[in-house]
Amino acid sequence: MCGRFTLKTPPLKIQEHFYLPEEVDLPPRYNIAPSQNIAVVRQLPGNSFRNLNLLRWGLVPFWAGDIKIGHRLINARGETVSEKPSFRAAFRKRRCLIPADGFYEWLHTGSTKQPMFLQLTGATLFSFAGLWESWTGPDGSRLESCTIITTKPNALIRHVHDRMPVILHPDQYDSWLQEITPPPVLQKMLSPYPAEGMEMYPVSQAVNSPKNDTPACVEPLKQQKNSPNR
């Protein structure tokens with residue numbers, strides 16, 4: 001699964017990477033958690049350009065009776081995303097890019113859980129494959145939400161977790177966003193990112209609490225222990 005991630009890349013680089021027509025105003029985030037509003041890149045019907053908006057992380061299907069269902073739908077399994085009632089409509093028509101530059105998983109070692117930080121080699125910006133949905137409450141209020149699609153793990157992540165988020169290549173962005181892309185083409189994109197293009201290292205337990213959202217969350221554990229300020 002993917003339950004925490006980062007987006008600390010400078011706004012100008014985010015704008016350039018995703019070919020956004022408007023300036024991006026996002027503070028650096030080091031510990032993004034479910035139910036928070038996160039940056040999402042979409043290409044809405046009728047538009048020839050992409051937009052970046054803030055959507056709630058945890059997808060609430062349009063037919064849901066309560067927004068609490070979103071707490072259970074922060075991830076969607078790539079193998080069944082086209083079939084599950086919670087995701088199939090969004091998979092057909094409401095796909096999105098979720099900008100990120102790293103994410104966390106927890107390595108189980110005996111009775112302890114060691115947080116690990118994963119990123120692309122070179123710590124470059126990338127995108128998760130995502131879905132978004134619009135929900136209207138009984139009082140007429142509107143909520144836009146999203147989910148991150150997951151797949152089987154690559155060789156790097158396999159010993160830490162049995163799932164990993166789908167990371168798209170930039171040359172897949174257009175096809176993922178376009179409504180006309182055939183389902184078989186989309187399904188092929190939902191594969192593990194190559195292990196040789198990623199790196200992983202341990203970080204402190206600070207990331208366990210969403211209240212901690214500082215650069216210390218992504219510092220390598222050895223660096224933290226040897227820091228003269230600790």
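Residues numbered from 1 in each chain as written. Predicted model: local features only at pLDDT ≥ 70, side-chain atom pairs only at ≥ 80, totals over all residues. Heavy atoms only, no water.

Visitor: Please explain the sheet that holds strand E2 (residues 29-32) as it appears in this structure.
Guide: Two orientations exist for strands paired in a sheet by backbone hydrogen bonds: parallel and antiparallel. Here we have five strands laid out as an open sheet, ordered E2-E1-E7-E8-E13, and antiparallel in their pairing. Because the sheet does not close on itself, it has two edges, and the strands there are E2 and strand E13 (198-202). Going from strand to strand, the sheet's axes swing by 30° on average, the running direction of each strand aside. As defined by bridge partners, strand E7 (residues 102-109) adjoins strand E8 (residues 112-120) across seven bridges and the pair is classed as antiparallel. What sits directly across from Glu105, in E8, is Met116. (Pairing = 2+ DSSP bridges. Helix = DSSP H or I, 4+ residues; strand = E, 2+ residues; numbered from the N terminus. Axes fitted to C-alpha atoms, helices over the stretch in contact; angles between N-to-C directions.)

Visitor: In this structure, what is going on with the pairing of E7? I would like to understand it.
Guide: Residues in a regular strand point their side chains to alternate faces of the sheet. Burial analysis of E7 places six of its eight residues in the buried class, which makes it a mostly covered element. Judged from the two bridges that link them, strand E1 (residues 5-7) and E7 form a sheet pairing that is antiparallel. Residue pairing across strands places Thr6 opposite Gly102, the latter belonging to E7. (Buried < 20%, exposed > 50% of the residue type's maximum accessible area, 1.4 Å probe, protein only.)

Visitor: Whenever I open this one, the packing of aromatic side chains confuses me. Can you help?
Guide: Aromatic rings considered in pairs are described by the distance between their centres and by the relative angle of their planes. By the definition in use, this model includes nine aromatic pairs. Taken together, a centroid distance of 6.4 Å and an interplanar angle of 45° make the contact between Tyr104 and Trp106 tilted. An aromatic cluster is present here, built from Phe5, Trp57, Phe103, Phe126 and Phe128 joined pairwise through their rings. Sitting over the ring of Trp176, Arg95 keeps its end group 5.8 Å from the ring centre. (Phe/Tyr/Trp six-rings, centres within 6.5 Å; stacked < 30°, edge-to-face > 60°. Lys NZ or Arg CZ within 6 Å of the ring centre and 35° of its normal.)

Visitor: Explain the environment of Ile149 to me, please; I cannot follow it from the model alone.
Guide: As for its placement among the helices and strands, Ile149 is situated in strand E10 (residues 142-151). Given the relative accessible area of 0%, Ile149 is considered buried. Placed 75 residues apart in sequence, Ile149 and Ile74 show a C-alpha to C-alpha distance of 8.7 Å. In this view, Ile149 contacts Ala76, Arg77, Gly78, Val81, Ala129, Leu131, Met164, Pro165, Val166, Trp176 and Leu190; residues no more than four positions away in its chain are not counted. (Contact = heavy atoms within 4.5 Å.)

Visitor: How do you make sense of the side chain of Thr9 when you look at a structure like this?
Guide: Mapped onto the elements, Thr9 comes out in the loop between E1 and helix H1 (11-17). Separated by 2.7 Å, the side chains of Thr9 and Asp101 make a polar contact. Contacts of Thr9, omitting those with residues within four sequence positions, involve Ile14, Asp101 and Leu125. (Polar contact = N/O pair within 3.5 Å; in protein donor to acceptor, adjacent residues only side chain to side chain.)

Visitor: Looking at this structure, I do not really get the nonpolar core. What am I missing?
Guide: Soluble, globular proteins show a tendency: their nonpolar side chains are buried together. Counting 61 residues, the largest nonpolar core has Phe5, Phe103, Phe128 and Trp176 as the members making the most contacts within it. Per element, the largest residue contribution to this core is six residues, and it comes from strand E9 (residues 126-136). Excluding anything up to four places from it in sequence, Phe103 contacts Cys2, Arg4, Phe5, Met116, Phe117, Leu118, Phe126, Phe128, Ile157, Pro165, Ile167 and Met198. With nine residues, the next largest nonpolar core counts Tyr30, Phe117, Tyr201 and Cys217 among its residues. (Core = buried A, V, L, I, M, F, W, Y, C linked by side-chain atoms within 4.5 Å.)

Visitor: Just checking my understanding: could you explain the confidence of the model for the protein chain for this structure?
Guide: Parts of the prediction with low pLDDT should not have their coordinates interpreted in detail. Here the protein chain shows a mean pLDDT of 94. Residues at 70 or above account for 97%. The low-confidence segment residues 225-230, where pLDDT is below 50, has three contacts with residues more than four positions distant or belonging to other chains. (pLDDT = per-residue confidence, 0-100.)

Visitor: What is the right way to read the pattern of salt bridges from this model?
Guide: Tallying each qualifying case throughout the model produces seven salt bridges. For Asp174, the salt bridge is made with Arg50, and the minimal N-O distance between the two is 2.6 Å. Residue Asp174 is found in helix H3 (residues 173-177), and its partner Arg50 is found in the loop between strand E3 (37-42) and strand E4 (51-57); the two are separated by 124 residues along the sequence. Residue Arg50 is classed as buried on the basis of its relative accessible area, which comes to 8%. Salt bridges sharing common partners tie together Arg42, Arg142 and Glu144. (Salt bridge = Lys/Arg side-chain N within 4 Å of Asp/Glu carboxyl O.)

Visitor: Even after reading the chapter, I still don't get the layout of surface pockets, so can you show me in this structure?
Guide: Rolled over the atoms, a probe sized like a water molecule indicates the empty space that remains. Of the volumes computed, that of the largest pocket is approximately 180 Å³. Lining the largest pocket are 13 residues, with Gln43, Leu44, Pro45, Leu177 and Glu179 positioned closest to its centre. Each residue belonging to the lining of the largest pocket can be placed in one class, and the counts come to four nonpolar, four polar and five charged. (1 Å grid on protein atoms, 1.4 Å probe; cavity = no way out; pocket = protein on both sides within 12 Å on 5 of 7 lines; lining within 4 Å. Points joined across faces, edges and corners; volume = space filled by probe spheres on them. Nonpolar A, V, L, I, M, F, W, Y, C, P; charged D, E, K, R; others polar.)

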